[in-house]
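Read off the chains here:
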Amino acid sequence: MPASPIARIRTLLRKRGVLGTAARVAQVLWRRVVPRRVPPHPFDLEHGVETGGLLMARNIRSGHAHDAQSTAYYGTQPSVFRAAIARWIEDISAAGQNVREFTFVDIGCGKGRVLMLASNHPFRRVLGIELSPSLVQRARENLGRWTARPHPCDCIEVIESDVLDFALPDGPLLLYLYHPFEAELFGQWVHFLAAQLAARATTVYVLYLNPYHQKMLRALPCAQHLWSDVFAFDPQESAARQLSDAATPVALYRLTPTDQPRMPSTGADGQ
Ligand SMILES: C[S@@+](CC[C@H](N)C(=O)[O-])C[C@H]1O[C@@H](n2cnc3c(N)ncnc32)[C@H](O)[C@@H]1O
């Protein structure tokens, strides 16, 4: 998921100087006139679904005031998902827990690619919430095709909702976010999350990709940062990507209700 244009230009200026930045901006503008031909995503070819592309926030509006905080639609690369989820499974196994106990929630599920990938694991339920009605429709069409075959989790649902209207389900949770919204809404969501945690008995994990606003999460007294890592794309996925990224930074947090004992952190510190 891209950062805002101003943030990207600042980063470019820092890394490449004025001339390098001008060359890159010219290249981007040229690509708008003569778009690069991007092959269909290998995940879509393999499964007969449509989860590819980069849709800017202006093209996926819902009419909700939070449209202004939305980043864009851009699907997680399956290789990144698989690497991150494998690492999370190691963590919960070490803590004596099992995937079967958990509900997986993709906050801003877009076209549902991650829901399909998550259903390859035996989660209790797989839920996606999404603000944009057109993406909800696409996700439901994709899942209609996906669920024609059985998967380890067949309890998959897409809910059309703003993130602040979605009450967390009971039981152990894995919340998944791929940089869905900007700082202002992220901060509100962190407060909303903290208020719901106070009434819970079970731990919530947050797997956050492109974790631009993780400082707000880390500031919660109940949050433990477990690890940060960067997972590279599979080469076939790289050929079908819309942006110039080739890897995704990922951070995992564990939020423990305050009356439960906290476990020691396992990994290195992140961004
Ligand atoms: C970068 S995409 C990630 C899609 C999917 N999670 C994945 O990783 O493949 C972010 C998604 O968050 C959704 N989103 C943005 N703001 C939201 C909000 N306030 N409530 C729910 N979804 C939102 C966007 O419409 C978009 O589909």
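Residues numbered from 1 in each chain as written. Predicted model: local features only at pLDDT ≥ 70, side-chain atom pairs only at ≥ 80, totals over all residues. Heavy atoms only, no water.

## A closer look at the site of the ligand
Taken together, the neighbourhood of the ligand is formed by 24 residues, with Thr76, Asp106, Gly108, Glu130 and Asp162 sitting nearest. The contact in question runs from a nitrogen atom of the ligand to an N or O atom on the backbone of Val163, over 3.1 Å. In isolation the ligand has 600 Å² of accessible area, and contact with the protein removes 99% of it. Listed by contribution, the elements that provide at least two residues to the shell around the ligand are strand E2 (72–74) and strand E6 (173–178). With three residues, E2 is the single largest residue contributor to the shell around the ligand. The class makeup of the residues in the shell around the ligand is 15 nonpolar, six polar and three charged. (Near = heavy atom within 4 Å. Polar contact = N/O pair within 3.5 Å; in protein donor to acceptor, adjacent residues only side chain to side chain. Areas by Shrake-Rupley, 256 points an atom, 1.4 Å probe, with all protein chains shown as cover. Helix = DSSP H or I, 4+ residues; strand = E, 2+ residues; numbered from the N terminus. Nonpolar A, V, L, I, M, F, W, Y, C, P; charged D, E, K, R; others polar.)

## Regarding the domain arrangement of the protein chain
Split by domain assignment, the protein chain resolves into domain 1 (1–37) and domain 2 (39–255). Domain 1 and domain 2 are separated by 27 Å when their C-alpha centres are compared. With six residues of domain 1 at the interface, the matching set in domain 2 holds 15 residues. For the pair domain 1 and domain 2, the summed buried area comes to about 760 Å², and 52% of that belongs to carbon and sulfur atoms. Inspection of the region where domain 1 meets domain 2 yields zero salt bridges. Here domain 1 is connected to domain 2 by zero residue pairs in polar contact (both at pLDDT 80 or more). (Domains from an automatic or database assignment. Contact = heavy atoms within 4.5 Å. Buried area = accessible area lost by both parts, 1.4 Å probe. Salt bridge = Lys/Arg side-chain N within 4 Å of Asp/Glu carboxyl O.)

## Remarks on the packing of aromatic side chains
The relation between two aromatic rings is expressed through the spacing of the ring centres and the mutual angle of the planes. For the structure on display, the rule yields 13 aromatic pairs. Ring plane angle 15° and centroid distance 5.0 Å describe the contact between Phe186 and Tyr208, whose orientation is recorded as stacked. Here Phe186, found in helix H6 (residues 183–197), pairs with Tyr208, found in strand E7 (residues 204–209); they are 22 residues apart in sequence, far enough to count as distant. We classify Phe186 as buried; its relative accessible area is 0%. (Phe/Tyr/Trp six-rings, centres within 6.5 Å; stacked < 30°, edge-to-face > 60°. Buried < 20%, exposed > 50% of the residue type's maximum accessible area, 1.4 Å probe, protein only.)

## What about the pairing of strand E5 (residues 156–160)?
Taken together, the five bridges between strand E4 (residues 125–130) and E5 define a ladder with parallel strand orientation. Counted as the bridge partner of Leu127 is Glu157 from E5. The parallel pair E4 and E5, bridged by helix H5 (residues 133–146), forms a crossover whose chirality is right-handed. (Pairing = 2+ DSSP bridges. Right-handed = clockwise from strand over helix to strand, strands pointing away.)

## Regarding the pattern of salt bridges
This structure, assessed with the given rule, holds five salt bridges. Residue Asp229 is joined to Arg87 by a salt bridge in which the shortest nitrogen-to-oxygen separation is 2.8 Å. Remark: Arg87 occurs in helix H3 (residues 78–94) and Asp229 occurs in strand E8 (residues 223–232); sequence separation between them is 142 residues. Asp229 sits in the partly exposed class, given a relative accessible area of 31%. Given a relative accessible area of 24%, Arg87 falls into the partly exposed group.

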